[in-house]
Structure formats: structure tokens, C-alpha cells
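What the coordinates show
Listed below, chain by chain, are the residues.
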Amino acid sequence: MRHLALVKATVRRAGGEESRSRQGQPREDMLKCSYRPPDSDFYCWRFKIWYNTLDCAYRTHHRSFDGCRHCSQGDFNLKTRRHDLIVPRFHPRS
């Protein structure tokens, strides 16, 4: 029985240059919202805005907005920022 192997095709450009999207900067013509607030650290492809990963992780974890459900970016942000959502609770000694 033959099993097919998954192969990722890559195209290399002459001169070894990477595209801007591979460097973490999406092309300007692909963005609906080009304004980037100072605290925003990723681009939400679902709503096409610059956003903060911690806010995204909070919405995903607490399911506070239906539009953010079943979002792979939200799941990834939650995985990477889960430790930032933990609030230490201090109980006074009696």
C-alpha cells in the first residue's frame, strides 16, 4: 500500500529575497485598515483590523464576542498568551 506524503511547495525568488509578508509585514494593498495603534501587535484577518493579542486571547478564552468564535488566530493567540490571562489571587490569612 502506498501512502502519500504531504509536500509543501516553495518558490524561491532570485537573489534570496523574502516577500514582505514572510517578514511579518503584510502588503499595504491587502490591508483594509492600514492604521496601526501603538499597542497592536497582529492583524486580524477576520475583521481586517490591527489588534492586540492579549485582547484577542481574552475574547477567545471568555467567549465574550460571537464573531470571535472558531477563529484559528484567536486559538493561537490564546495558546501563546494564556499565561498572561492568569490573575493571581491572594487570600488574606485569618
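Please refer to the structure higher up on the page.
In this report, we go over the structure that sits alongside the text.

Reading the values: the criteria
Residues numbered from 1 in each chain as written. Predicted model: local features only at pLDDT ≥ 70, side-chain atom pairs only at ≥ 80, totals over all residues. Heavy atoms only, no water. Helix = DSSP H or I, 4+ residues; strand = E, 2+ residues; numbered from the N terminus. Contact = heavy atoms within 4.5 Å. Polar contact = N/O pair within 3.5 Å; in protein donor to acceptor, adjacent residues only side chain to side chain. Buried < 20%, exposed > 50% of the residue type's maximum accessible area, 1.4 Å probe, protein only. Arc of directions from axis to C-beta. Axes fitted to C-alpha atoms, helices over the stretch in contact; angles between N-to-C directions. Parallel < 35°, antiparallel > 145°, perpendicular 65-115°, else oblique.

**Quick notes on the environment of Y58**
Looking at where Y58 falls in the secondary structure, it is placed in helix α1 (residues 53–62). In sequence terms Y58 and G74 are 16 residues apart; their C-alpha atoms lie 9.0 Å from each other. Y58 has contacts with R63 and L85, leaving out every residue within four places of it along the chain.

**Quick notes on the side chain of N52**
Note on placement: N52 falls in the loop between β2 (49–51) and α1. Only 3.1 Å separates the side chain of N52 from the backbone oxygen of D39, close enough to count as a polar contact. Other than its neighbours up to four places away in sequence, N52 contacts D39, S40, D41, F42 and R81.

**Focus on helix α2 (residues 72–81)**
Residues G74, N77 and L78 constitute the buried set of α2. With its buried residues spanning 100 degrees around the axis, α2 presents them on a single face. Those residues of α2 that are exposed and angled more than 90 degrees off the buried face are S72, F76 and K79. Buried residues belonging to α2 abut β1 (42–44) and α1.

**Examining α1**
When we look at burial in α1, the residues that qualify are T53, C56, A57 and T60. Taken down its axis, α1 places every buried residue within 100 degrees of arc, on the same side. Residue N52 occupies the N-cap position of α1, its side-chain oxygen lying 2.8 Å from the main-chain nitrogen of L54. Phi for R63, located one or two positions after α1, is positive at around 50 degrees.

**Some words on the packing of α1 against α2**
Contact geometry for α1 and α2: axes closest at 8 Å, N-to-C directions at 105 degrees. By the angle class used here, α1 and α2 are roughly perpendicular. On α2, the residues touching T53, L54, C56, A57, T60 and H61 of α1 are G74, D75, N77, L78 and R81.

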